[in-house]
Number of protein chains: 2
Amino acid sequence: MEDTRRRIAVVGCGTVGASWAALFLAHGLDVAATDPAPGAEERLRRFVDRALEQLRALGCRGEGRLSFHTAMADALIGATFVQENAPENEGLKRRLLAEIDGLVQPEVVIASSTSALVRSAIVADCTHAGRHIVAHPFNPPHLLPLVEIVGGDAAAVASAVAFYKSLGRRPVVLSREMPGHIANRLSSALYREAVHLVEQGVASVADIDAAISHGPGLRWALMGPHMTYHLGGGEGGIAHYLEHLGPSQERRWAALGNPSLGPEVRERIVAGVAEEAAGRSIAELEAERDAALMGLLRLLGRGPAGGAA
Amino acid sequence: MEDTRRRIAVVGCGTVGASWAALFLAHGLDVAATDPAPGAEERLRRFVDRALEQLRALGCRGEGRLSFHTAMADALIGATFVQENAPENEGLKRRLLAEIDGLVQPEVVIASSTSALVRSAIVADCTHAGRHIVAHPFNPPHLLPLVEIVGGDAAAVASAVAFYKSLGRRPVVLSREMPGHIANRLSSALYREAVHLVEQGVASVADIDAAISHGPGLRWALMGPHMTYHLGGGEGGIAHYLEHLGPSQERRWAALGNPSLGPEVRERIVAGVAEEAAGRSIAELEAERDAALMGLLRLLGRGPAGGAA
């Protein structure tokens, strides 16, 4: 009996790969996973079990089957889509993608979860480079909807966009590649000034964090920076804002800091975060974050089941 | 019969002043408002009515009395706290604060809602400068909990912190003044790179906005950037993150853009925001934002009634 279900190959099963696997399974897709690290299967299954619970609570009703393969070639047999999540090492990823490229049918889209590398560099040795895309998710990937996509040929991009939308994701297609894509560049820009304020001793690490999470961060969960300034411009909107406050934005840009992450400021950040964590372990903080994120996704209708939770 | 209720003077009744007024009233405090603009009282009362509805829905049960005074001196009689919200003009604010300083008892704290001016400049002509603080809220101020505070003497700061906490706010005290305080500097840093990405044609305005609101923006509603990287560092937390990824942060900082808000990029932003708004008016977008913000505040226990809603 022929199995017509889609079969997704997940190559590399760290947090990102395991998270993708859970998302695919929760939408009824079969997952063939592979990772050369010792103990990888056990860690994958443990992560997937916990993530699947969260995805079920968010309304995902699918029940895909998970298989694990020590040999990558076995995981790729019959794959209809490949999600690659190997470590962020350009040489390694370049060799790996070329190998995958030679093992799956040329019409299969191969998506790389890279955050720091650019597409053109890692697909350089692929024969069918056009079907290779970057598809970069956000931590934790089974919960956050954003997927940044860099093509590849138009058909591969269109097919990936449709695929990720079917998983309740919000794909954003870049018109050209850019190191760090979009959201990590914006995050880095914000973080540079946050580190500058720590360096300058303007406030504690916890208070600088609170200045985001109790202020503009609450708005950024709802809308991006352009729309935020549109609503900050009064009845004239963004046009009024840019005309009247554009010059003061530019003056502020010129006054932003340019810190280094030297030993002293790093020590201050580490101590400040410890104070902010107030004894909570990473696992406890993650559990708090995930619970709040799930509430947020439900509230905003941005969950993995397409807002149906 | 002596009235022992606190009486807050609200000087300047634009959106920020009106929003403060509603917050005070909803906590049972009397408000004496003043604004020299024609039609100010009517606009104030209309804004307050709508904001009070939202604050009641969030669990605020107080019922302060609102009075409006054409002459500022009348609004200041018997004031136990002054919230000043005049236009962002240094000369004007400097004269105004000196005038208020001469009219209210020296133990009364006078808080300025300025976002762009620094405290030392605007209190320069005040006799009792120590009781003058900056207390900068975020739009919409009756909903967003953050209040950035710049002292002033320690007693004035402590008294203001206690006061704003009693209104369900999250005060953040700066150890020294900084143009733009904290959150607007972080917002500007993020916006600079957002404008850079528009300028470079990397994605549409709507997609750049979505890259925040469907990605890191959802996390920033829960925690600030330091805690976010703490959870991005795996089991080693922020110390591990800074040690291993600090250098790549620094490389990304060096590669961030430095755009100008020239006519061409401004046109592109205005057109992109219009596309993103898809026909929704500012009022409709604000109503959507407020409804979602209220849900968010309830979910996170950060509402104006101290999470009791």
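One structure accompanies this document, and this report is about it. (Residues numbered from 1 in each chain as written. Chains lettered and ligands numbered in written order. Predicted model: local features only at pLDDT ≥ 70, side-chain atom pairs only at ≥ 80, totals over all residues. Heavy atoms only, no water.)

1. Points about the environment of Glu99(B)
Worth spelling out the cut-off: Numbering of helices and strands starts at the N terminus; helices are DSSP runs of H or I of at least 4 residues and strands are runs of E of at least 2.
Its location among the elements puts Glu99(B) in helix H4 (residues 90-103). A sequence separation of 149 residues divides Glu99(B) from Ser248(B), and the C-alpha atoms of the two residues are 52 Å apart.

2. Some points on helix H11 (residues 237-255) of chain B
Heads up, the rule is: By this rule, a helix spans an expected 1.5 Å times one less than how many residues it contains. At every residue, the bend is computed as the angle between two fitted axes, covering the seven residues ending there and the seven beginning there respectively. Whether a residue is buried, partly exposed or exposed follows from its accessible area with a 1.4 Å probe, protein chains only, as a fraction of its type maximum: under 20%, in between, or over 50%, in that order. In what follows, residue pairs with any heavy atoms lying within 4.5 Å of each other are defined as contacts.
Relative to the 27 Å expected for 19 residues at 1.5 Å per residue, H11(B) spans 25 Å between its end C-alpha atoms, a close match to the ideal helical length. Leu245(B) marks where H11(B) bends most, by close to 60°; the proline Pro247(B) follows one to four residues later. All buried positions along H11(B) are accounted for by Gly237(B), Ile238(B), Tyr241(B), Leu242(B), Gly246(B), Gln249(B), Arg252(B) and Trp253(B). Against the buried residues of H11(B) lie helix H7 (183-199), helix H12 (263-277) and helix H13 (282-300) of chain A together with helix H10 (225-232) of chain B.

3. With respect to the packing of helix H10 (residues 225-232) of chain A against helix H7 (residues 183-199) of chain B
Selection criterion: Axis definition: a line fitted to C-alpha atoms, limited for helices to the stretch in contact. Angles are taken between N-to-C directions and run from 0 to 180 degrees. We call two directions roughly parallel when the angle between them is under 35 degrees, roughly antiparallel when it is over 145, roughly perpendicular when it lies between 65 and 115, and oblique otherwise. Each residue is assigned to one of three groups, with Ala, Val, Leu, Ile, Met, Phe, Trp, Tyr, Cys and Pro labelled nonpolar, Asp, Glu, Lys and Arg labelled charged, and all others, Gly among them, labelled polar.
Between H10(A) and H7(B), the least distance of the axes is 10 Å, while the angle of their chain directions is 115°. Between H10(A) and H7(B), the angle falls in the class roughly perpendicular. Here Pro225(A), His226(A) and Tyr229(A) of H10(A) come into contact with H7(B), specifically with Ser187(B), Ser188(B), Leu190(B), Tyr191(B), Ala194(B), Val195(B) and Val198(B). Residues of the contact of H10(A) with H7(B), tallied by class, amount to 7 nonpolar, 3 polar and no charged.

4. Re the packing of helix H8 (residues 205-213) of chain A against H10(B)
Two numbers describe how H8(A) lies on H10(B): the axes approach to 7 Å, and their chain directions differ by 100°. In terms of orientation, H8(A) lies roughly perpendicular with respect to H10(B). Packed against H8(A), whose contacting residues are Val205(A), Ile208(A), Asp209(A) and Ile212(A), the element H10(B) presents Pro225(B), His226(B) and Met227(B) at the interface. Among the residues forming the contact of H8(A) with H10(B), the class breakdown is 5 nonpolar, 1 polar and 1 charged.

5. Examining the relation of the copies chain A and chain B
Quick note on the threshold: Copy-to-copy alignment: least squares on C-alpha atoms, limited to residues at pLDDT 70 or above in both.
It takes a turn of 180° to lay chain A on chain B, together with a shift of 0.0 Å along the axis; the resulting RMSD is 0.0 Å. What the rotation and shift describe, once combined, is the action of a two-fold rotation axis. Residue Leu190(A) of chain A places its C-alpha closer to the rotation axis than any other residue of that unit, at 2.5 Å.

6. Considering unusual backbone geometry
Residues and elements named next belong to chain A. At the junction of Asn-139 and Pro-140, the peptide bond is cis and its omega measures out at -5° in the coordinates. Inspection of the secondary structure assignment puts Pro-140 in the loop between strand S6 (132-137) and strand S7 (146-150). With an omega of 10°, the peptide bond between Gly-151 and Gly-152 qualifies as cis. Phi is positive for His-181, close to 55°, though the residue is something other than glycine. Mapped onto the elements, His-181 comes out in the loop between strand S8 (170-174) and H7.

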